[in-house]
Amino acid sequence: MIQNVGSHLRRGFASVFSSRTSRKSIPRAEDEGAMAEGEGYRNPTEVQMSQLVLPCHTNQRGELSIGQLLKWIDTTACLSAERHAGCPCVTASMDDIYFEHTISVGQVVNVKAKVNRAFNSSMEVGIQVTSEDLCSEKQWSVCKALATFVAHRELSKVKLKQVIPRTEEEKTEHGVAAERRRMRLVYADTIKDLLARCAIQDDLDSKDYSYMVPAEKTRVESVELVLPPHANHQGNTFGGQIMAWMENVATIAASRLCRAHPTLKAIEMFHFRGPSHVGDRLVFKAIVNNAFKHSMEVGVCVEAYRQEAETQRRHINSAFMTFVVLDADDQPRKLPWIQPQPGEGERRYREASARKKIRLDRKYIVSCKQAEVPLSVPWDPSNQVYLSYNNVSSLKMLVAKDNWTLSSEISQVRLYTLEEDKFLSFHLEMVVHVDAAQAFLLLSDLHRRPEWDKHYRSVELVQQVDEDDAIYHVISPVLGGDTKPRDFVILASRRKPCDNGDPYVLAMRSVTLPTHRETQEYQRGEILCSGFCLWREADQLTKVSYYNQATPGLLNYVTTNVAGLSSEFYTTFQACEHFLLDNRNDLAPSLQTL
Ligand code: COA
Ligand code: ADP
């Protein structure tokens, strides 16, 4: 529901919450699981590792080497995956990792891993790394990582059992993991596509050549023989071991540029394309692709071969790492420019600049920190995958909250509210005698929204981004005390359930488009996070929930309606129910593909 805000201030925020707290809160079945956390609940897939950092674990700066840390991360995560799978697992991929702190000798590293969600044969494992100073009792967050492990049985294809999330945090991770997987599986194509489109200007001509290092000087090639200690009991090389070797060559390349001891700040998402085994020779090649003012990108590529067939090399992995050089005050030092080799080197130089921009966009949008991301993010091809992710994940995070409070109930339509981090959110819930897939089709066709929602006067499809994402220009009528109608530019992203128990999701958020700027005719409205989740309760029975996180502009209207039992929310939602019932047998052929 898009609300006209205007002069709707009738009652304050406080009154809403005093009225809701006086009502009896009805606990939901799923809340009971969440309570278990305070009672010493521990996720059954959780695995912990604590390591005292010794001189043998450190790098040239006397800090814990990231390669060693990656081995510990991979081992802990693998043990967690195997605990869930009950069979051997291999590392398939690792998402972006940002290192926030270095770790010194004598400190303790604590690694905690748990399976966020199991799909078919793969699982997402969430890993948290903290460091601890034993003398001062201080603790720091070092990094968070997300790895995908694939379960492997010799003779049969594995179908993993589902993970049942219990706490709010587990529910959030479980919901968002499906979105992350979607993004991961298209990652290589997304990056290729973005690199092809990204018009980064070659700034080489304007650079001071006296301060430039030829990239060729940073080139490293190194070989490793995979021995039994580097592999699991099936002879597969540990992913963490390969990552450690990659970090080693990347550090050498980075040091050759800056002639100092660099610090690894980030590793970009990568995928283990194929396995390697005991007896394989692994060739690691690294070079500095580009140096920016305070950071540089080093690329590493890994190939495997057998002694008897040296020419038949298999490409195992490629990764991109960002290094900085810290001065005595831990501030990043200015770096020399890099002079790439003509041809391949110049291509990688440009692609590294493009990757830097894409990485920043991704970090910013994917974080889903509502307070940090502006209400209407500009839509452009370089961020569309991430905005779609952000759209659905924000809604799933809102859904997973366990402190929703029932504010009112009229004719089995329930209104819940949630006040958190300066945001007021509400959600309406009802059960409708309609098939879930059909309700999803009807609700995700935004053109039909004016049929039941009086806040929608007209809907124009601006861009069909892909099968599941579309941008609409919506105009709402003049309501309340407003003088002008409002208009909205909305990204609508829809998702089918990933497995049993998952809802159908239709998420909506505002974006800005150069073709649809604000005009005199309308007052521009914004939606931070809203949409529908539909749960199949039984055949022809669907729980329909509508969620909305109120933007500051919407707040007054929401507080008025939440507090008033004659709420417009309720009548609109009832109209929605009638719309679904009236059209339950009426599927357009074009929509029947689901
Ligand atoms: N990121 C995350 N998961 C991925 C992925 C990626 N880039 N590519 C594939 N997967 C997942 C698929 O989603 C699928 O999961 P599902 O069964 O839950 O749906 C699973 O991997 C198998 O996919 P499939 O298409 O059948 O196989 P594949 O041919 O793509 O192989 C690996 C995937 C990971 C098994 C294969 O690439 C491999 O063996 N890699 C090396 C693993 C290894 O040995 N690692 C240790 C270091 S070398
Ligand atoms: P791309 O060349 O498109 O970046 P690759 O997978 O071929 O992708 O290589 C990944 C990275 O590994 C490169 O960006 C580069 O930094 C490094 N690399 C690849 N080949 C070599 C090589 N022969 N010598 C040194 N470094 C290399």
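What counts and how
- Residues numbered from 1 in each chain as written.
- Chains lettered and ligands numbered in written order.
- Predicted model: local features only at pLDDT ≥ 70, side-chain atom pairs only at ≥ 80, totals over all residues.
- Heavy atoms only, no water.
- UniProt positions renumbered as here; feature names shortened; annotations may be inferred.
- Helix = DSSP H or I, 4+ residues; strand = E, 2+ residues; numbered from the N terminus.
- Near = heavy atom within 4 Å.
- Polar contact = N/O pair within 3.5 Å; in protein donor to acceptor, adjacent residues only side chain to side chain.
- Areas by Shrake-Rupley, 256 points an atom, 1.4 Å probe, with all protein chains shown as cover.
- Salt bridge = Lys/Arg side-chain N within 4 Å of Asp/Glu carboxyl O.
- Buried < 20%, exposed > 50% of the residue type's maximum accessible area, 1.4 Å probe, protein only.
- Nonpolar A, V, L, I, M, F, W, Y, C, P; charged D, E, K, R; others polar.
- Pairing = 2+ DSSP bridges.
- Contact = heavy atoms within 4.5 Å.
- Axes fitted to C-alpha atoms, helices over the stretch in contact; angles between N-to-C directions.
- 1 Å grid on protein atoms, 1.4 Å probe; cavity = no way out; pocket = protein on both sides within 12 Å on 5 of 7 lines; lining within 4 Å.
- Points joined across faces, edges and corners; volume = space filled by probe spheres on them.

By the naming in an unreviewed UniProt entry, the protein goes by Acyl-coenzyme A thioesterase 11 and is assigned to Castor canadensis. Listed in UniProt under the heading Pathway (unreviewed entry), the comment for the protein reads: "Lipid metabolism; fatty acid metabolism."

Tell me about unusual backbone geometry, and please be specific about residues and values.
Note on backbone geometry: most residues besides glycine have negative phi, and most peptide bonds are trans. A positive phi angle, near 65 degrees, is found at Asp330, a position not held by glycine. By secondary structure assignment, the location of Asp330 is in the loop between strand S13 (309-324) and strand S14 (337-339). One non-glycine residue, Gln412, lies in the positive phi region at around 65 degrees. Summarising the element assignment, Gln412 is placed in the loop between strand S16 (405-410) and strand S17 (413-420).

Mind laying out the site of ligand 2, listing which residues take part and the relevant values?
Close to ligand 2 lie 13 residues, the nearest being Arg219, Asn289, Ser318, Arg347 and Arg348. Separating a nitrogen atom of ligand 2 from a side-chain N or O atom of Arg219 is a distance of 2.5 Å. The backbone of Val300 places a nitrogen or oxygen atom 3.4 Å from an oxygen atom of ligand 2. When the free accessible area of ligand 2 is taken as 520 Å², the share hidden by the protein chains comes to 79%.

So what about the pattern of salt bridges? Which residues, and what values?
Under the counting rule described, the total for this entry stands at 31 salt bridges. Arg42 is the salt-bridge partner of Glu46, the closest N and O atoms lying 3.4 Å from each other. We classify Glu46 as buried; its relative accessible area is 11%. Taking relative accessible area as the criterion, Arg42 reaches 48% and is therefore assigned partly exposed.

Would you mind going over the site of ligand 1 in detail, with residue names and values included?
In the vicinity of ligand 1 there are 21 residues, among which Thr91, Asn120, Ser121, Ser122 and Arg181 approach most closely. Ser93 is positioned with one of its side-chain polar atoms (N or O) 3.2 Å from a nitrogen atom of ligand 1. A distance of 2.6 Å is found between an oxygen atom of ligand 1 and a side-chain nitrogen or oxygen belonging to Ser122. For ligand 1, whose unbound accessible area comes to 920 Å², protein coverage reaches 73%. Mapped onto the shell around ligand 1, the elements with two or more residues apiece are strand S2 (89-94), strand S6 (139-151), helix H4 (168-185) and helix H6 (239-258). No other element matches S2, which puts four residues into the shell around ligand 1. In the shell around ligand 1, the residues fall into eight nonpolar, 10 polar and three charged.

Break down the sheet that holds strand S3 (residues 97-98) for me, with residues and values.
Pairing is antiparallel across the open sheet formed by six strands, whose spatial order is S3-S9-S13-S12-S11-S8. Lying at the two open borders of the sheet, with one neighbouring strand each, are S3 and strand S8 (220-225). Bridge analysis of strand S12 (residues 296-306) against S13 gives 10 bridges, and the strand direction is antiparallel. When the bridges of S13 are listed, Val300 appears paired with Ala319. Here H6 sits on the sheet in contact with S8, strand S9 (263-267), strand S11 (281-291), S12 and S13, set at roughly 40 degrees to S11.

Give me the lowdown on empty space enclosed by the protein, citing residues and values where you can.
Applying the stated criterion across every chain yields a total of three cavities of 30 Å³ or more. What lines the largest cavity is Asn59, Glu63, Leu64, Ile66, Thr102, Glu247, Thr251, Pro262, Thr263, Leu264 and Phe323. Only H6 and S9 provide two or more residues apiece to the lining of the largest cavity.

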